[in-house]
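A closer look at the structure
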Amino acid sequence: MAKIVVIGGTGLIGSKVVAKLTEHGHEAVAASPNTGVNSLTGEGLADVLVGAHAVVDVSNSPSFAPDDVLEFFTTSTRNLLAAEAEAGVTHHVALTIVGTNRPQNIAYFAAKVAQEKLIRESGIAYSLVHATQFFEFVGSIADISTEGDTVTLPGALIQPIAAEDVATAVARAAAGEPTGDIEIAGPETFGMDEFARRALAFRGDPRTVVRDDSAPYYGAQIEERTLIPVEGAHIFETTLEEWLPLNPPRR
């Protein structure tokens, strides 16, 4: 069984990854600023990576402003890769996004592309797990698209996935051999407007969801198929209908 360090290991995905790896007998170490490890500053990296076979990076930028998110992912990843090379880590696993290899003008995606490039060129064997949007973000997608009592979203296709399934895929990647790039997704494809409409209706949210294909997604225009996986993706089974009753909105 291996020592696997999970950067962002106390967050939504990271905590689940740590639990799954631990359950299967690995020494999974949750590393985050509140455990004394900060990939952005480099604090604690050398110590926590001693004896590590693999590093999983599921950390996320605290700010989504274009300059901030680019700075976070490039600086953090450079620090991680340098520390991994020094420690003899042989497998780098990063959670990224479906669609980074397709034309789009989303600043967050551009930052993830820069992160991926650093990983590919590092000389360390890697697995990049490209996930579709999480079910867990349906509320925030609706909120940032709300004016008054109306939620306006494009009909661009989305194939959302449960965070639990994302964590399963990341943990499997970390425990296995480096695989390069893989895509993961949920079992159902919706228009983004329909995704929000179903979730809000189930939760008794009175807002009306309107489709407008010129409406932005996190501030950017997207094409119909930017956010859905290509053939060969790993498809997980959790449906929106199954997920909703178990995940009430956060208060």
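The residue numbering used here restarts from 1 in each chain and proceeds along that chain's sequence as written. Two thresholds apply to this predicted model, a pLDDT of at least 70 for residue-level local features and 80 or more for giving and counting side-chain atom pairs, whereas whole-chain, interface and lining totals are computed over all residues. Side-chain metrics in this entry use all non-hydrogen atoms of the structure; hydrogen atoms and water are not considered.

Here we come to helix H4 (residues 107-120). Elements are defined by DSSP. Helices are runs of H or I of four residues or more, strands are runs of E of two residues or more, and each kind is numbered from the N terminus. In this scheme, a helix's expected span is set at 1.5 Å multiplied by one less than its residue total. Between its terminal C-alpha atoms H4 stretches 20 Å, which fits the 20 Å expected from 14 residues at 1.5 Å a residue. Every buried residue of H4 is listed here: Tyr-108, Phe-109, Ala-111, Lys-112, Gln-115, Glu-116 and Ile-119. In an axial view of H4, the angular spread of the buried residues amounts to 155°, which keeps them on one side of the axis. The contact criterion used is simple: two residues touch if any of their non-hydrogen atoms lie within 4.5 Å. Looking at the buried side of H4, the elements it contacts are strand E3 (54-57), helix H3 (66-87), strand E4 (91-97) and strand E5 (126-131). Partly exposed describes any residue whose relative accessible area lies between the buried limit of under 20% and the exposed limit of over 50%, with all areas from a 1.4 Å probe on protein chains only and scaled to the type maximum. Summarising the geometry, the arc corresponds to the directions from the helix axis toward the C-beta atoms.

Before going further, it helps to examine a nonpolar patch on the surface. On the surface, Leu-12, Phe-137, Ile-144 and Tyr-218 cluster together into a nonpolar patch covering about 320 Å² of accessible area. Structurally, Leu-12 can be placed in helix H1 (residues 12-23). We classify Leu-12 as partly exposed; its relative accessible area is 30%. Patch membership requires over 30% relative accessible area and the absence of a salt bridge. Like charges are linked within 9 Å, and nonpolar side chains (Val, Leu, Ile, Met, Phe, Trp, Tyr) within 5 Å. What sets the accessible areas is the Shrake-Rupley method with a 1.4 Å probe; for residues, cover comes only from the shown protein chains. When a carboxyl oxygen of Asp or Glu lies within 4 Å of a side-chain nitrogen of Lys or Arg, that pair is called a salt bridge.

Time to look at the UniProt feature "domain: NmrA-like" (unreviewed entry) in the protein. Within the UniProt annotation, "domain: NmrA-like" (unreviewed entry) is assigned to residues 3-174. What you have in residues 3-174 is 41% helix and 20% strand, and the ends, taken at the C-alpha atoms, are 10 Å apart. UniProt positions are given in the numbering used here, feature names are shortened, and annotations may be inferred rather than shown by experiment.

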